[in-house]
Amino acid sequence: MHSSVTTPSKLASAQLPRALGLRHAIAIVVGTIIGSGIFLVPKEMMQAVGSAKVVYLAWIVGGILSIFGALTYAELGALKPQAGGEYVYVRDGYGPLAGFLYAWTWFVIAKPASIATITTGLMRILGTFNAFHFLAENALSKPFAVTWAQMGAILVTIAISGLNYIGVRRAGDFQYIFTWLKVLMIAAIVGIAFSFSGGTFSNFSTTYSGATGGISGFMVALVAALWAYDGWNDLNMVSEEIERPERNIPLGLIVGVLLVAALYMATNAAVQYVLPAAQVAGSERPASDATRLAIGAVGAAVVSAGMALSMLVGLNGTVMSGGRVPFAVARDGYFFRALAEVHPRYFTPGNALVVQAVLSCILLLVISRFQQLFSIAIFAEWLFYMIAASTIFIFRKRLPDARRAYRAWGYPVVPAIFIAAAAFLLYSTFTDNLKRSLLGSAVILAGIPVFLYFHSQSRRTGVISEKTSSPR
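Described below are features of the structure shown in this document. Treat the numbers as computed from the prediction; the structure is a model and nothing was measured.

Cut-offs applied
- Residues numbered from 1 in each chain as written.
- Predicted model: local features only at pLDDT ≥ 70, side-chain atom pairs only at ≥ 80, totals over all residues.
- Heavy atoms only, no water.
- Patch = residues over 30% accessible without salt bridge, like charges linked within 9 Å, V, L, I, M, F, W, Y side chains within 5 Å.
- Areas by Shrake-Rupley, 256 points an atom, 1.4 Å probe, with all protein chains shown as cover.
- Salt bridge = Lys/Arg side-chain N within 4 Å of Asp/Glu carboxyl O.
- Helix = DSSP H or I, 4+ residues; strand = E, 2+ residues; numbered from the N terminus.
- Buried < 20%, exposed > 50% of the residue type's maximum accessible area, 1.4 Å probe, protein only.
- Polar contact = N/O pair within 3.5 Å; in protein donor to acceptor, adjacent residues only side chain to side chain.
- Contact = heavy atoms within 4.5 Å.
- Phe/Tyr/Trp six-rings, centres within 6.5 Å; stacked < 30°, edge-to-face > 60°.
- Lys NZ or Arg CZ within 6 Å of the ring centre and 35° of its normal.

## A short note on a nonpolar patch on the surface
A surface patch of nonpolar side chains, amounting to about 260 Å² of accessible area, comprises Phe-132, Phe-134 and Trp-148. On the secondary structure map, Phe-134 appears in the loop between α6 (96-126) and β1 (138-140).

## Concerning the side chain of Ser-283
Assignment of secondary structure puts Ser-283 in the loop between α12 (277-282) and α13 (286-295). Of the residues examined, Ser-283 reaches a relative accessible area of 3% and is grouped as buried. In this structure the side chain of Ser-283 is engaged in a polar contact, spanning 2.5 Å, whose partner is the side chain of Asp-289. The residues touching Ser-283, leaving out its near neighbours within four places in the chain, are Lys-43 and Asp-289.

## As for the packing of aromatic side chains
Tallied over the entire structure, the rule returns 33 aromatic pairs. For the pair Phe-194 and Phe-201, a centre-to-centre distance of 6.2 Å together with 35 degrees between the ring planes defines the contact as tilted. Residue Phe-194 is classed as partly exposed on the basis of its relative accessible area, which comes to 31%. Ring geometry for Phe-393 against Tyr-411: centres 5.4 Å apart, planes inclined by 35 degrees, an arrangement best described as tilted. Here Tyr-411 lies in the loop between α17 (373-398) and α18 (413-432) and Phe-393 lies in helix α17, a separation of 18 residues in the sequence. With relative accessibility at 27%, the residue Phe-393 sits in the partly exposed group. When its relative accessible area of 27% is taken as the criterion, Tyr-411 is described as partly exposed. These aromatic residues form a ring-pair network of at least three members: Phe-100, Trp-104, Phe-107, Tyr-334, Phe-335, Phe-336, Phe-451, Tyr-453 and Phe-454. Across the ring face of Phe-395, the terminal group of Lys-80 is positioned such that the distance to the ring centre comes to 4.9 Å.

Okay, here's the thing in structure tokens:
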């Protein structure tokens, strides 16, 4: 049995309001998942497998595995609808230290790195428009060079963090409105591609002779598809702010992932309809090339605008979810208490959002030395996906009589398949980037002395009880 946390009244009362409905939940899932991946990874996938049909198979398998993950997280989210999501599952399943290492990794690396990567990508997309050609130029040259793109990325980070600071409902409404605008733009891109008179369904039978091929090639394509599907777990991090969580978290996850899968299938089909396999493999931006062929240069501009909008909406979901993790761990007494404070006017974890934004901006200022940091975050993400998902078995055994408004369909097979897939991706990431993965492991383990420090401080001040009791 694991010791759990009992907090003094001030921290225990730090609750976040349930201000997000089902429409917001679906928008968080859809908006956070769909970034630039669907527009870019078809090239990598085609180079890996060399067949339009096998690329499609990789998208289908990736979608099924993501749905399996969503089904697993749906039960966990309905059972424990608290801020922090995976942190809560790992904490209650494996103890406070494991939970802290999850939160430490997300707070120090994964979320700031994700935010910095998204905003940098957004600036690169904007840089393709003539009006923003100046983004590559230096805004400052002393004491060190800072480009206008870096300045723009910092301003966008501050703006979206500010939106989340002044109310989760405002951020949720932004997510809802712009997610559906993004869906409409993707639908428009699909429609434009299928309107191309030179397109043909015979392209689905074409092949690319220079592909890796075989099982190894398919696995590369599958990993690329799974990266594109990544992000649905962010909904669970804002569980405490979802109305009727026992209903809306499962529905948000399942409907959201299914909708994304449908959009991905349609977009991939549209690209394949216009371009044969060899052209997909040789194109930096297959979707842009497909729409350019259909309606000229304006088609590429439509795709670029769609990518920019996708990144902006994904950034909002990433900022929103990221701020809840340090808030949750601080509320338990294992981190700086100020991060557990709820803003008295806006009812958001304001301090946590500010610190997250500051860390992201620091990374953006040193972006030239940071480009490879995201692969460390990817390793950490899939490690904790695997660990968090495995807690479904622990809670089924430890809490057999707990009220479960939703039970994962296909249990125990579906969660087991997802955990096995996460383990495979973890292994692939580790072996492909051994040096970075070892560095990622070192950063995770560096959280142990930090945990021990806060644990001892909290015991001394009475934030953490010596008792052993059921998780809160």
